[in-house]
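# Inside the fold
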Amino acid sequence: MLSCKKNSAIKSHNLEFQLLTDTTIQTYDDNDSSKLKFNLLAATKDNQILDKYYSGNGNIITINSIETVNGKPLFKITTSYNHAYLNTVSAPFWADINEWLIFEDNAFKKVFSYPQKQGNQEGPNIELLKSKIEANHITLIYDFQQYGFERAAGFGTITIEINQQDEKYYLSKFEYDVYGHFRVVDEEDDIWVPDQNGDKLVPRDIKAEDFFKRFSFTNLNYEK
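What this report covers is the structure whose coordinates are included nearby. Everything numeric in this text was worked out from a predicted model, so none of it was measured.

### Some points on the overall build of the protein chain
Within the protein chain, the regular secondary structure consists of 1 helix and 15 strands. Here the protein chain, with 224 residues, has 41% of them falling under the buried criterion. Looking at the protein chain alone, contacts between residues at least 24 apart form 44% of all its contacts between residues at least 6 apart. For the protein chain, the accessible surface area stands at approximately 13000 Å², while carbon and sulfur atoms represent 44% of it.

Below is the structure:
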């Protein structure tokens, strides 16, 4: 394990890695570049920049750890939307994404990413409850809310397990326990309203292919 001082220079393998702010990024005329914070990861050697990694439109990068895997630096970072920089009128949204980057051949390469939390006011919204990530096996458990702020209309948990074999990922388990919870307010007219404590449950159907649009897998094979 390499030492890691967050948001400062880190030296490894005769290289230096830094979190920097690139104030030249402008996508809207009224953006305030002074509000940008750590929006790129740079690798330098002998004061020469070898590569830069941007997470998105001014997204904030936090380094969680740096490890050495097969003699190469492996970065585990989290990227978050920078709402102070994205000065636009839009519906509330949020996304904290955990990303793994390997540095090889003088370049950053993304090897894996998965949401820590992600959503908007319309939904669906997810938040990571538990994770176990091993060399060839990944288990992730998410809190899942299907309909934005109307939690009772569809909420529960999703559990996924992914195995890696021959540099490919295989989905070995996708289980969801997601229900809409309702309370009957008029039995005669059959009128229900969302109620987290309601005893009328409606199962929700969650498709694995839709759920994994949030992930960076390009070669995920769906197994039953």
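Right, picking up where we left off after that structure.
### As for the pairing of strand β13 (residues 191-194)
In terms of strand pairing, strand β12 (residues 168-186) meets β13 through 4 bridges, oriented antiparallel. When the bridges of β13 are listed, arginine 183 appears paired with valine 193. The antiparallel pairing of β12 with β13 creates a hairpin that spans 4 residues between the two strands, and aspartate 190 there sits at a positive phi of about 55°.

### Looking at the side chain of aspartate 195
Structurally, the position occupied by aspartate 195 is in the loop between β13 and β14 (200-203). Engagement of the side chain of aspartate 195 in a polar contact is seen with the backbone nitrogen of asparagine 197, the distance being 2.9 Å. Not counting the four nearest positions on each side in its chain, aspartate 195 is found in contact with Ala152, His181, Phe182 and Arg183.

### Description of the nonpolar core
Within the largest apolar cluster, 24 residues are counted, with the highest numbers of intra-cluster contacts made by Ile160, Phe174, Phe211 and Phe212. Of all the elements in the fold, those that place two or more residues in this core are β7 (93-104), β8 (107-120), β9 (125-133), β10 (137-145), β11 (155-165), β12 and α1 (208-211). For isoleucine 160, the residues in contact, after removing those within four places along its chain, are Ile138, Thr139, Leu140, Leu171, Lys173, Phe174, Phe211, Phe212 and Phe215. Counting 15 residues, the second-largest nonpolar core is a separate cluster that includes Leu19, Ala43, Phe75 and Phe103.

### Regarding the pattern of salt bridges
What the rule picks out here adds up to 13 salt bridges. Across the pair lysine 76 and glutamate 67 runs a salt bridge whose closest N-O atoms are separated by 3.1 Å. A salt bridge links glutamate 161 to lysine 173; the shortest N-O distance between them is 3.8 Å. Remark: lysine 173 occurs in strand β12 and glutamate 161 occurs in strand β11; sequence separation between them is 12 residues. Overlapping salt bridges bring together Lys72, Glu104, Asp105 and Lys109 as one network.

### Topic: unusual backbone geometry
For residues other than glycine, phi is negative in most cases, and the peptide bonds are mostly trans. Looking along the chain, the bond that leaves glycine 123 and enters proline 124 is cis, with omega of 0°. Considering the arrangement of structural elements, one finds proline 124 in the loop between β8 and β9. One non-glycine residue, aspartate 46, lies in positive phi territory at about 55°. Position of aspartate 46 relative to the elements: it lies in the loop between β3 (40-45) and β4 (48-54).

### Some points on the pairing of β8
When β7 meets β8, the two strands line up antiparallel, connected through 12 bridges. Directly across from tryptophan 100, in β8, lies its bridge partner phenylalanine 112. Linking two consecutive strands that pair antiparallel, namely β7 and β8, is a turn of 2 residues; a positive phi of about 55° is found at aspartate 105 within it. The pairing of β8 with β9 spans 2 bridges and is antiparallel. Looking at the pairing, lysine 117 lines up with glutamate 127 of β9.

Thresholds applied
- Residues numbered from 1 in each chain as written.
- Predicted model: local features only at pLDDT ≥ 70, side-chain atom pairs only at ≥ 80, totals over all residues.
- Heavy atoms only, no water.
- Helix = DSSP H or I, 4+ residues; strand = E, 2+ residues; numbered from the N terminus.
- Buried < 20%, exposed > 50% of the residue type's maximum accessible area, 1.4 Å probe, protein only.
- Contact = heavy atoms within 4.5 Å.
- Areas by Shrake-Rupley, 256 points an atom, 1.4 Å probe, with all protein chains shown as cover.
- Pairing = 2+ DSSP bridges.
- Polar contact = N/O pair within 3.5 Å; in protein donor to acceptor, adjacent residues only side chain to side chain.
- Core = buried A, V, L, I, M, F, W, Y, C linked by side-chain atoms within 4.5 Å.
- Salt bridge = Lys/Arg side-chain N within 4 Å of Asp/Glu carboxyl O.

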